[in-house]
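The lines below spell out each chain.
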Amino acid sequence: MDPTGTLSDYAAVQDYLFGLKAQGPKFGIDRMRLFTAALGHPERRYPVVHVAGTNGKGSVSAMLDAILHAAGRRTGLYTSPHLVKLGERVQVDRQLLREAEIVAYTNELRPVADAQGRADPDDHPSFFEFMTAMAFLQFARRGVDAGIVEVGLGGRLDATNVVEPAVTAITSIGLDHCEMLGNELGQIAAEKAGIIKPGRPLVLGRVPPEAERVIRAIAAERGAPVHSVRAEFGEAIERYPRTNLEGDYQLPAAWGVTDAVIARGLLHTNWPGRWQRVALGGRPVILDASHNPEGAQVLDANLTALRADTGRKPVVVTGALGEQRARAMLEVIARHAAEIHLVIPHQARACGFAELEHCLPAGFGGRVEHTTVAEIFPVPGRVAVGGPEDTVVVTGSIYLIGEVFERIEPGRGAGEGRLQDF
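My aim in this report is to walk through the structure given alongside it, one point at a time. (Residues numbered from 1 in each chain as written. Predicted model: local features only at pLDDT ≥ 70, side-chain atom pairs only at ≥ 80, totals over all residues. Heavy atoms only, no water.)

### Some points on the sheet that holds strand β2 (residues 75-78)
Here eight strands make up an open sheet; going across it, the order is β4-β3-β2-β5-β1-β6-β7-β8 and the pairing mixed. This sheet does not close on itself; its edge strands, each paired only once, are β4 (95-96) and β8 (226-228). Across three bridges, the pairing between strand β6 (residues 167-170) and strand β7 (residues 202-204) is parallel. For alanine 169, the partnering residue across the bridge sits in β7 and is valine 203. (Pairing = 2+ DSSP bridges. Helix = DSSP H or I, 4+ residues; strand = E, 2+ residues; numbered from the N terminus.)

Structure follows, in structure tokens:
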């Protein structure tokens, strides 16, 4: 920090933002309403698509971005968390927010935030609210034709819920973040449905009947027309428009463009770490962030298809945050893996080896190893587990996938893991 109080370089900004993050997440939108009002409401200067859901919301956001880009429109994309670099969260035409821009925005936002928190420290914006404000400002100043905004957590009390969207989408409802959103599907659905706005259309993914009843009731109360993916395409995945993302919970969505544009956009969707196939030293590796019980169901289907295709059980590398997630994931992995390599993501909430072992079904007969990402991926282009004919699947926490990208794609730069969570 220079004598004027300005954060002079990116390292200083990282420290400042980490200080905000270390204070923990803050839920509720009153603080964000004050923040955006002080900034002149940049979020009102372009149409917004607001996307919530337990799984698939990031993929849907990436698909929408690709569709609109294929239609020749300038797009803003706000997602979280990042895989490797903080700037991944805020993109315009898929160009990441640069470090210099993050420095400039932090210095611009800091005095506004300090003034807001002067009377009551709890009114000081959080780390996530800082990043959300950066996205809103960047989209406004770059003149986007549409901003695609992914909910951070839940919906009703999420900082992104200050937007007045043209369209909302709820991709899926499952049991995750139960300590904050509730232990029943209906409770979680009500939190996600908090993004529904009066008179604004909602695109609804394939959700459990209990969740759908809650969501439709809230939409009816608010006069929001519901466009159901299940009603449009049914349950058979083969009837759905094709994308270049594998998995059964990817939701296509339209934005007033032609079928041909939608098809072209879907086939050019870029969303790393979602059943993504890469080759390292000629060996097949699949990177997949399947981190909760609903995601584990999709992982089961993907691993079943992989075994049918290769005729072999894969070698699986995995790590998770929280026992509930680890148990659901390891129950699936144990049915399909030839051997399992357990790792601990560099996050405070990560499961240790003993907890992961405890979640592993007793009947698993394959080899189980305790290791690290650095040992498995010692240098770019090399994976050090399994044999020449094996497919290696890395799955579990999104933060684990980010650590792998940092090892296999050093061109991404040094990872910013301490700013990942929330």
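### Some thoughts on helix α12 (residues 323-336)
Side chains three or four residues apart in an α-helix point the same way, a direct result of the helix having 3.6 residues per turn. With 14 residues, α12 extends 20 Å from end C-alpha to end C-alpha; this agrees with the ideal 20 Å at 1.5 Å per step. Of the positions making up α12, those classed as buried are Arg325, Ala326, Ala328, Met329, Leu330, Val332, Ile333, Ala334 and His336. (Expected span 1.5 Å × (residues − 1). Buried < 20%, exposed > 50% of the residue type's maximum accessible area, 1.4 Å probe, protein only.)

### Describing helix α4 (residues 99-116)
Between its first and last C-alpha atoms α4 spans 25 Å; for 18 residues at 1.5 Å apiece the expected length is 26 Å, and the two agree. Largest kink in α4: about 30°, centred on leucine 109, with the proline proline 111 one to four residues after it. Those residues of α4 lying buried are Glu101, Ile102, Val103, Tyr105, Thr106, Leu109, Arg110, Ala113 and Gln116. On its buried side, α4 packs onto α1 (10-22), α2 (30-38), β4 and α5 (127-141). (Bend = angle between axes of the 7 residues up to and from the residue. Contact = heavy atoms within 4.5 Å.)

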